[in-house]
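The residues making up each chain are set out below.
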Amino acid sequence: MAIRGPGVGTALPPGLGQHGCTRPETVSYGEAMRPRTVWQALPAPRYLLTSWPWRSAGYLISGALAGAVVLVVSVIGVAVGGALSLALIGLPLLALLALTGIPVAALERRRLRLMDRAPADDPHRRPEEPGLWSWMTCRFRERATWRELGYVLLLAVVLWPLDALAVGICTAVPLAMVSTPVVMEVYGDGAEARVVKLWTVTTWPEAFATAAGGLVTLLLGCYFLGLLAGARAELTRFLLTYRAAEPDARVMELTRSRVRLVDAFEAERRRIERDLHDGAQQRIVALTMMLGLARLDAPPGPLADQLARAHEEAGKALAELRELIHGIHPKVLADYGLQAAVADAADRSVIPVDLDLELPGRFPEAVEAAAYFVVCEALANVARHSGAHRVAVSGGHAGGRMFLEIHDDGRGGASTSGGSGLTGLADRVSVLDGRLSLSSPAGGPTRLRVEIPCEWTDRSA
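Residues numbered from 1 in each chain as written. Predicted model: local features only at pLDDT ≥ 70, side-chain atom pairs only at ≥ 80, totals over all residues. Heavy atoms only, no water.

A. Structural view of helix α13 (residues 338–348). Of the positions making up α13, those classed as buried are Leu338, Ala341, Val342, Ala345 and Ala346. Down the axis, α13 shows its buried residues gathered within 140° of arc, on one side only. As for α13, its buried residues are in contact with α12 (331–336), β3 (353–357), α14 (365–386), β4 (391–398) and β5 (401–408). (Buried < 20%, exposed > 50% of the residue type's maximum accessible area, 1.4 Å probe, protein only. Helix = DSSP H or I, 4+ residues; strand = E, 2+ residues; numbered from the N terminus. Arc of directions from axis to C-beta. Contact = heavy atoms within 4.5 Å.)

B. Expanded view of the packing of helix α5 (residues 101–111) against helix α9 (residues 204–241). The contact between α5 and α9 brings their axes to 10 Å, and the two run at 135°. When the axes of α5 and α9 are compared, the pair comes out oblique. The crossing of α5 and α9 is left-handed. Together, Ala105, Glu108, Arg109 and Arg111 of α5 and Arg232, Thr236, Leu240 and Thr241 of α9 make up the contact between the two elements. Class assignment of the residues belonging to the contact of α5 with α9 gives a composition of two nonpolar, two polar and four charged. (Axes fitted to C-alpha atoms, helices over the stretch in contact; angles between N-to-C directions. Parallel < 35°, antiparallel > 145°, perpendicular 65-115°, else oblique. Left-handed = near helix turned anticlockwise from the far one by under 90°. Nonpolar A, V, L, I, M, F, W, Y, C, P; charged D, E, K, R; others polar.)

C. Structural view of the pattern of salt bridges. Following the criterion strictly, the structure yields 15 salt bridges and no others. For glutamate 451, the salt bridge is made with arginine 435, and the minimal N-O distance between the two is 3.2 Å. Placement of the pair is glutamate 451 in strand β7 (residues 446–453) and arginine 435 in strand β6 (residues 435–439), with a sequence separation of 16 residues. Within the structure, one salt-bridge network assembled from shared partners comprises Arg401, Glu405, Arg435, Arg447, Arg449 and Glu451. (Salt bridge = Lys/Arg side-chain N within 4 Å of Asp/Glu carboxyl O.)

Okay, structure coming up:
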């Protein structure tokens, strides 16, 4: 059985193949070889026979007309706004004149299609909220708006006269030279023909020579117009589509969403800690007490031994649950702050810890949680891998940044990779615009430092 794919008689939506899968659009060989910019067309031998000379002339002529209109409108707007500003009525008008670059830039980006078939990107970002006020606030805060206003001033003062002058020199002068024999014929034999008011032609040989020179000049002028229009379009594209200095709204929203996720994660940790502390832990405590009482009341024998083992296992389960609750979100951190929580972690460390903290106040909850778990992970790594005898933990707040430093006298060679647990903490700190740095040469010592930008909060210490 023959299976026929989509052929001449099979209609599919544009850009879709069988089963609705996307496929690249078919581009013919002629379309692929077709110049997309004036720079690609200029070196071609058939440049003068293509539409690019006409496109270049049209681009410059339309630029001259647009610039003249912009100049007139700008002068009238400034004059009217300045006159009415004495009564405070013209101030809003002058403010709106700052936004005139937006429609002019939109027109200029559309005109760029004459010189480059690729569409020009719009550097403006979408306002976060609908409405005129949100749109105007967003536009006034964008650098692209002020770049476009600068382009409008450049167009009105410099660019459009240059466009008009270039078109006049490259087309009007050669056409006047080419028309010299026609002028001689119109005025009759023996009449003089003045060529662009520069020189006088009195004989037919001079007239035909001038026409031939004008034809050559016109052909050369077509190339010059292409070069000038291409350079003019590149300048416009750079000024009106450049957006490297603009913050990407998607990146900003991603950063904000990461911060919101961290806050939500910390809130969920605190909820789980409270639920375990007030629910499961209390039930296990009650179970341990009941097993203890039953053990006391049971006569000696196998039953008493079973109750003793059950009481011991319940005590172990309670200890593990308390350790789990403390690891999720220690209550001392939520109630008393970072300094008390770090002191508590130092007391539980198997290696002696020297504390030098100056954190009398409270920080945002996400900052305290990130800093606390960095200290706990660092102390755990020191106990497992470093062979150190003492650890020093210091910290404080200066210059709008909270910093903590963990220093040990171990063998060194620590790394944020290889399952040390510090990689995830570094990512967590980076979400808060913080930085985690590690210095651990072979032979020691190891120094871990975390810095997080933050300010004191109003929560009581």
